[in-house]
Structure formats: C-alpha cells, structure tokens
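# Structural characterization, general
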Amino acid sequence: MSKQDFRDASLDLEARVAALLQQLTLDEKLDLCAGKSAWKTKPIPRLGIESFRVTDGPRGVAWHSSMGRHVAFPSGIALGASWSSELAYDYGVALGEQTRASGRHMVLGPAVNICRTPLNGRTFEYFTEDPWLNQALAVPVIKGIQSQRVAACIKHYAANNQESHRMKTSAELSERALREIYLPVFEAAVTQADVWSVMAAYNAVNGVPACENSDLLNDKLRSEWGFRGFVVSDWSAVRRTSSTEACVKGGLSLEMPGKGTRYKQKNLRQAYDQDKFSERELDRNLSGLLRVMVLTGHLDVAPIPLAPAAPSSKHWALARRIAAEGMVLLKNHAALLPLDTTRIRKLAVIGPKAAKRNCLPLWGGSSGVWPPYEITPLQGIKEKIADQFAGRIELVSQAEEADVVLLFVGLSHRPGLDSEVMDRKSLDLPAKQIQLIEASLAQNPNTVVVLINGGPISMEWAGPVPAILEAWYPGMEGGRAIADVLFGDINPSGKLPVSFPRRLQDSPAHQSSRTFPGDGAQVHYDEDVFIGYRHFDSREIEPLFAFGHGLSYTQFSYSDISLSSKVLRGDDVLLVKARICNVGSVAGAEVVQLYISDLECSVPRPLKELKGSSKVFLQPGQAAKVQFGIAYRDLAFYSEKNRDWLAEAGRFVVLLGSSSRDIRLEAEFDYSNK
Ligand code: BGC
C-alpha cells in the first residue's frame, strides 16, 4: 500500500479507510477523536489532512456556526405536517447544497426526537409523535443531504425528549417502548438511508449516558443495524460520562466541541497506556469518521470544492413550498377561508405575530438561522393585495371596521417558549394574546386566528373562532405562503403530525412529576408505548385536534377498499388498495393515512398504529387509486420475551382515514405464521 492510497478515488471505500488507518500514528488517531474548535476536527498536517468541518442545523445553516446568512427553512414540525417524503427529499438536497456552499462537510440534522410531551422546547425542530411518520420523513431528508456528498448527522440518539434536566436526566423506559417508539427512526436512518453520522444525546438511557452507551452505540447501531459511520457527542455531552475509557468502549467516535475533555489527547493517551481500552476499539470508532471523510470527498486528491454558489432562489421557492404544504387548517366554520375576494373590501391584519420576524441569529438554539430576508405575514398579505387586488381590498387597523380580521398570535424562539435548553412552562398562549382573541371576536365574529408556533397549544378560546390556521414557524418565505393559503391560491393539505390535547393533564407524559419532568436524575416513561394518539385512543380521551387532522378547501371521498388476500402469510406482502376522489370544487391534496389494528394479542397494544400514508393531488372530480403494502414488521410488536419483533397469528384490521379519528374505510385479514 502506498502512503497516499487513501486519496486515490479509484480505490474502494474500505481500501482507502484501511490505507489511512495504517498511515496514522497512535497520537494522530487520538488527535482525531476530539475537535479543534466548536465546528471542526483537528487537521493531520503530516498527511496533509485538513479539518473536517460541520455546521449546526437542522433548519438551515445556522448563523452561530457559520457567521453568515443562509436560507431559513420552515421548522421541522412544518415538514412533519406536510407528510411529504418528496418534499423531505428536496429539503435534504437543498440542505446539502447549502451546507456545502457554506464550506462544511456535515450538517447537524435531521433532528428527530419523538414528541412525547407537548411542552418540549424543541418540539418545533422535530417532526412528529409517530415513529412511522418520523422515519418516512427522516430517510428522504438524509438521502437528500447525502446525495450532495455532505454528511447528515441524525440527532439526538436516543430518548432525548425534553429539555428540562437535559444534561443530567436518565430516560427510564422499557426495551419495548425504546424499540417501538424511540428507535425506529434511527434504525431506518441506518438500514434505509445509510446515515453517515449519529449524534449521541445529552441524557442517559436507563442509567447509562448516551455517549458511553455500548448497548445503543455498539450493539444496536453498529452490530444489529450495520452502521458504518461515526458517532459524535452532542456538544459537551461527555461531561456527564463516567470516564475516557467508558466512552471509547461505549463506541463514541468524536467528542465535540473544542479540544475535548474525555477525549483530550493526554487523557486518551493515559487510559490507553494503562490498557483501559484497545487500539482495536479505537479503530472501530475512528474508522467511521475516516469513512465519512472519504465519502464526502474530503480526502480526494482534488477535494470537491466546498463552496460553489448556493442556488438561492431555488431554495427560497422550496422554503415557500414547505411552508405552504405544512400549514394545517384546523377549523373552518362556514367556509370563512379561503377569503372571499369577491366580497371582501376591508381586511384587518393584527396581532403580535403579524409583523414579527422569527428567523434570527441564536433564536431557538440550533435552529437559529439568519436569512438574507424574511417575509412576515403582514408583508406577504400586502404583497398579495398589491399584486392581485390593488384598489379592491384595503387594509384597516380596527377589527370592527373590517369584513374579516386576520389575527396572528403564537409563541417565539425565546427560552421557556419554543427554544432549546428549557421546556415550555404552559400549554396556553400568553394571557394577553387570549384577551386579544376575545376582544377581536367581540368586535368582529369573522376573526381568523393564524398560529405561529412550534407545537401543540391548548385553545379554550377556540369555540367561537370560526377559522384557525396552524402555520408553525414558516421560515423566511412564510408570509408569502400564508397569504397563498388565506387567499386560496394554495389549498391547505397539511395534517397534524402531533396530537393537540385539550389540557396538559390529558397528555401521556403529564400524569405526575415522575413522568415529566422527573426529579432531575430520572424521568419515567410510565406510559410505555402509549404515546401521542396511542394514548388518547386507549384512554378514550378526546383530543382538541387529533393526530392526522387537517382540513382542505375541498372534500375527498374514500371507496373501494380491497386487499390482495384475506390471509397474510409469513414474510409475504399484503396489498391494500382504495379509491380517493376529489368531490369538491377546487383542486387539492389529501393525505390518506393507513393504520393497523391488532385484534388479539398477548400484550397490550395501541388501538391503531400508523403504518403508511400517501399524499394524492387531485383536480375537482378526479379520482386516484392509492396502494399500500403491509408486511410482517407492520404487524409486529417488540417482544421483550423473545428479544425480537413478533407478529402473532390472528386477526388484524387495516383502517384508511383522513385522520386518526376520521377513519373512512376498514378491512379485516388474518395473519398466519405458517
Ligand atoms: C444541541 C444540538 C446541536 C449542538 C451544537 C446542542 O446544544 O442539542 O442539537 O447540534 O448543540 O450546537
């Protein structure tokens, strides 16, 4: 092997990694285990290897890691609400392009923790409460990012579902809950998207800090799922680990940020000299990082240029599309929306979020992306009126003068609201905003409430409000997307990726302080697998808005369900087909949701579990066939007894619906393991 073989792009990946491992001295290997500074690894000057550079994400290239302005996409939950794998892939590609254009090899995203509590300060960054939807979005995002030879870093592994006590708590949960709810997205990221990096979380899982958790990092990630990339610590997460050797043995490849504590060269050297870990263990951890350096082109003789021009306008348009497709029409009494522009002459655009920008440096932690511009809702609406209704619709400042009031309320990326480090204190909107909604309704019953926020909120005020639109944090083009939806240029098709409870106590994680936020040392997942709609269904609690809910300006009919067989055997695939027709008068998209219900089982199971979805765009009067495949794993639960997935023979029902509480079609079949 020649010295520079690791640079030879004509050799295969493993040969290049082996060549480099052979070239590195022990000290150089130890150097590669910790960062040089916050956003890059140490260079190896002797071999001409430069730092591997990363940027924070997942909402775009973060300001605090790049010091530049970049495209601010809508927050993760908006993509979650689009239920669109195609959009997720396009977003991944754009994020990859943005990352490369910012001179980085890796972006710290996607962020995929499950919405266990609606108060989680980072709910806005994540996708959903459901493991199937989570992986249906994360896999294409990762594929998109990595199609640009940029590493995705899926985070935060694992059970990192709250910000309270995030550095010191231990998530105490069953193997079954881990496997069924919290791990599927990570498993799919490895087995379906070959993700190049995984970020180990701040918290411990069942008492073992994620950064030294051999069960998570070695047994599950590497051995069981076949992960071949590298594990990076969340920033300063190793502080709570027990020792340097525990991290090495546990499977942590890279400590970030800065010069390292556990992985300080001196500490690593000392532990190594005392035989506390072997070079083989070190190589196992490090080879993943070297592999990713090869995969990103970082080690090529002519490395791929890191900073081509970013295709800005294409990404701005994509940000607008995601914002529009992610918006969820929660309520639309008497079809107040879309605005009837043949009759409306005066519009009032009011509320604290109407002219507020939400994309600012450091706002929201990792999601603090600072864009070149941000269109607020007020700007978007003004632009729309100027372009399409000049001289016909005017803006007025008083609710009572207006034909319709557009009232913008919500939260912001401040600590204690939708932000990192702290969870939200309350499920409610700020009291002043509730007063404003009530005052507006008193002056004008035609008040449309538009919500700008990152997760479930309670709405005791909702009763008399005729229309509510959930716009989430819609990113730099958000104002335009909002105007498109309000004026009917875009028919909303978003569906809630999380349940909205009526009251906090209705929520599965809020049964006692033991289940949230815990005592600082431990938080107990007593609800087990009954998270989100699984909980509302089994406890027969009516949510405020159900998982999967979202209205459209048109209506869809469901008919003609058929199964390819009455019995699904062994590893076969059962095909489910149905016909969806747009029976309304405008074009629109429907997200058809497929749930499975196990009628007889030896363990308690949720009444239904999402196992498929299909988004169909239809013209008025147009119909389409949707088709899904169901296989063993879709029927299985995780058996702690067998330490494996298990589908028991017996009766199952497949349910097709427009939301988890609006099931339109059902069909039964048997599963036989013979
Ligand atoms: C967050 C990560 C982030 C990292 C780097 C941590 O506080 O949990 O999501 O990527 O900081 O900024």
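Below you will find a few notes about this structure. (Residues numbered from 1 in each chain as written. Predicted model: local features only at pLDDT ≥ 70, side-chain atom pairs only at ≥ 80, totals over all residues. Heavy atoms only, no water.)

### A word on the overall build of the chain
Looking only at helices and strands, the chain features 18 helices and 27 strands. On C-alpha atoms alone, the chain measures out to a radius of gyration of 25 Å, which is about the 26 Å that the 2.2 N^0.38 rule sets for 674 residues. Across the 674 residues in the chain, those meeting the buried criterion constitute 65%. Partitioning the contacts of the chain with sequence separation of at least 6, the portion at a separation of at least 24 is 76%. As presented, the chain carries roughly 23,700 Å² of accessible surface, and 50% of it is formed by carbon and sulfur atoms. Here the chain contributes 77 positive and 76 negative side-chain charges, whose respective centroids are spaced 4 Å apart. (Helix = DSSP H or I, 4+ residues; strand = E, 2+ residues; numbered from the N terminus. Rg over C-alpha atoms; globule rule 2.2 N^0.38 Å. Buried < 20%, exposed > 50% of the residue type's maximum accessible area, 1.4 Å probe, protein only. Contact = heavy atoms within 4.5 Å. Areas by Shrake-Rupley, 256 points an atom, 1.4 Å probe, with all protein chains shown as cover. Lys, Arg positive; Asp, Glu negative; His and termini not counted. Charge placed at Lys NZ, Arg CZ, Asp CG, Glu CD.)

### As for the side chain of N134
In this structure, N134 sits in helix 6 (residues 131-147). Ignoring anything within four residues of it in the chain, the contact list for N134 reads V112, I114, F127, T128 and V185.

### Looking at the packing of helix 5 (residues 85-101) against helix 6
The geometry of helix 5 relative to helix 6 is characterised by a closest axis approach of 6 Å and an angle of 35 degrees between their N-to-C directions. With respect to the hand of their crossing, helix 5 and helix 6 are arranged in right-handed fashion. In contact with S85, A88, Y89, Y91, G92, V93, L95 and G96 of helix 5, helix 6 contributes A136, L137, P140, V141, K143, G144, I145 and S147. Split into classes, the residues belonging to the contact of helix 5 with helix 6 amount to 10 nonpolar, 5 polar and 1 charged. (Axes fitted to C-alpha atoms, helices over the stretch in contact; angles between N-to-C directions. Left-handed = near helix turned anticlockwise from the far one by under 90°. Nonpolar A, V, L, I, M, F, W, Y, C, P; charged D, E, K, R; others polar.)

### Structural notes on the state of the cysteines
All told, the structure shown has 0 disulfides when counted by the stated rule. Of all cysteine sulfurs in the structure, the one in C211 sits closest to C153, which takes part in no disulfide; the separation is 11 Å. A relative accessible area of 0% places C153 in the buried class. (Disulfide = S-S within 2.5 Å.)

### What to know about helix 9 (residues 214-224)
Residues three or four positions apart in an α-helix share a direction because the helix packs 3.6 residues into each turn. Along helix 9, the positions that sit buried rather than exposed are L216, L217, N218, K220, L221 and R222. The first or second residue beyond helix 9 is G226, which carries a positive phi of 85 degrees.

### Some points on the pattern of salt bridges
Oppositely charged side chains are able to pair whenever their charged atoms sit close together. Tallying each qualifying case throughout the model produces 46 salt bridges. With a shortest N-O distance of 3.6 Å, K155 and D56 are connected by a salt bridge. Here D56 lies in strand 3 (residues 54-56) and K155 lies in strand 5 (residues 151-157), a separation of 99 residues in the sequence. D56 carries the same exposure label as K155, and that label is buried. A salt bridge links K615 to E325; the shortest N-O distance between them is 2.6 Å. Taken together, the positions of K615 in strand 22 (residues 609-618) and E325 in helix 13 (residues 312-326) put the pair 290 residues apart, joining distant regions of the chain. Note on E325: relative accessible area 14%, which makes it buried. It is possible to trace a salt-bridge network through shared partners that takes in D130, R534, D598, R605, E609 and K611. (Salt bridge = Lys/Arg side-chain N within 4 Å of Asp/Glu carboxyl O.)

### Overview of the sheet that holds strand 21 (residues 588-598)
As summarised here, the arrangement of the 5 strands in space is 19-27-26-21-22, forming an open sheet in which the pairing is mixed. Looking at strand neighbours, the two that pair on one side only are strand 19 (567-569) and strand 22, the edges of this open sheet. Across the sheet, the axes of successive neighbouring strands diverge by a mean angle of 30 degrees, strand direction being ignored. Judged from the 6 bridges that link them, strand 21 and strand 26 (residues 650-659) form a sheet pairing that is antiparallel. (Pairing = 2+ DSSP bridges.)

### A word on the pairing of strand 20 (residues 574-582)
Note: strand 18 (residues 556-563) against strand 20, 6 bridges, orientation antiparallel. If you follow L563 over to strand 20, its bridge partner there is V576. Pairing of strand 20 with strand 23 (residues 623-630), which is carried by 8 bridges, proceeds in the antiparallel orientation. Counterpart to I580 in the pairing with strand 23 is A624.

### Re the site of the ligand
Near the ligand, the surroundings consist of 13 residues, among which D56, H156, Y202, D234 and E420 are the closest. A distance of 2.9 Å separates an oxygen atom of the ligand from a polar side-chain atom of K155. One of the side-chain N or O atoms of R166 is found 3.2 Å from an oxygen atom in the ligand. In the complex, 92% of the free accessible area of the ligand, which totals 310 Å², lies under the protein chains. For the shell around the ligand, the per-class residue count stands at 5 nonpolar, 2 polar and 6 charged. (Near = heavy atom within 4 Å. Polar contact = N/O pair within 3.5 Å; in protein donor to acceptor, adjacent residues only side chain to side chain.)

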